[in-house]
Amino acid sequence: MINSIRLLILLSLTILFISGEVTSPTEARGGFSSLEIKSVFLDPIIKPQRTLRTIITGFSSSRDETGDNPWNPWITASGVRVHSGTAASNFLPFGTKIRIPSLFGDRIFVIEDRLHNRFYDRIDIWFPSKTAAKEFGIRYDVPVEILK
């Protein structure tokens, strides 16, 4: 009985995190982070469709990095607000879910933005500050799992 209640609570929290209704563990009051909940329920279900090797870089919402949208740097090319888990790529369609285990473990990113046209061969990961993006730098020949 207790296990089924715990499962129901975790499923509810997972739905709230995925829908964006709850954005932090303190809001949920469940004591689990969104990464813990996602790893419990999503990771075993989502198997990679394929793996590729590419360049991974970091970007932030600074005005000099926003390209065609310098007046609202918080909105991606797909029209959603940037958030932890936002990624950009020119060779993957919007909505594609990816995982980069060697750099981020089981964390799942969603392609929601584009890069400048000259960067057709890389994936850009959003960071909340320009300093964090610069510290991440550029990583070459990184395996990336395409989930969906």
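We now turn to the structure provided with this report. None of the values given here were measured: they were computed from a predicted structure. (Residues numbered from 1 in each chain as written. Predicted model: local features only at pLDDT ≥ 70, side-chain atom pairs only at ≥ 80, totals over all residues. Heavy atoms only, no water.)

Examining the pattern of salt bridges
Then, number 1: Overall, the coordinates contain 3 salt bridges when judged by the stated rule.
Then, number 2: Asp-141 is paired through a salt bridge with Arg-53; the nearest N and O atoms lie 3.1 Å apart. Of the two residues, Asp-141 is situated in strand S6 (residues 138-146) and Arg-53 in strand S1 (residues 50-59); the sequence distance between them amounts to 88 residues.
Then, number 3: The exposure class of Asp-141 is partly exposed, given its relative accessible area of 48%. (Salt bridge = Lys/Arg side-chain N within 4 Å of Asp/Glu carboxyl O. Helix = DSSP H or I, 4+ residues; strand = E, 2+ residues; numbered from the N terminus. Buried < 20%, exposed > 50% of the residue type's maximum accessible area, 1.4 Å probe, protein only.)

Side note on the sheet that holds strand S4 (residues 108-113)
Then, number 1: One closed barrel accounts for 6 strands, arranged S1-S5-S2-S4-S3-S6; its pairing is mixed. Averaged over all pairs of adjacent strands, the angle between strand axes in this sheet comes to 45°, irrespective of strand direction. (Pairing = 2+ DSSP bridges. Axes fitted to C-alpha atoms, helices over the stretch in contact; angles between N-to-C directions.)

Considerations on the nonpolar core
Then, number 1: With 17 residues, the main nonpolar core has Ile-56, Ile-98, Ile-100, Ile-123, Ile-125 and Val-144 as its most contacted residues.
Then, number 2: Considering every element that reaches this core, the biggest residue donor is S6, with 3 residues.
Then, number 3: Apart from residues lying up to four places away in sequence, Ile-125 is in contact with Ile-56, Thr-57, Gly-58, Phe-59, Thr-86, Ala-87, Ile-100, Phe-104 and Phe-109.
Then, number 4: Core analysis: the second largest hydrophobic core is formed by 5 residues, Phe-59, Val-82, Ala-88 and Leu-115 among them. (Core = buried A, V, L, I, M, F, W, Y, C linked by side-chain atoms within 4.5 Å. Contact = heavy atoms within 4.5 Å.)

Some remarks on the environment of Thr-51
Then, number 1: Note that Thr-51 resides in strand S1.
Then, number 2: Each C-alpha atom of the pair Thr-51 and Arg-99 lies 9.5 Å from the other, and the pair is 48 residues apart in sequence.
Then, number 3: Discounting residues that sit within four places of it in the chain, Thr-51 has contacts with Pro-143, Val-144 and Glu-145.

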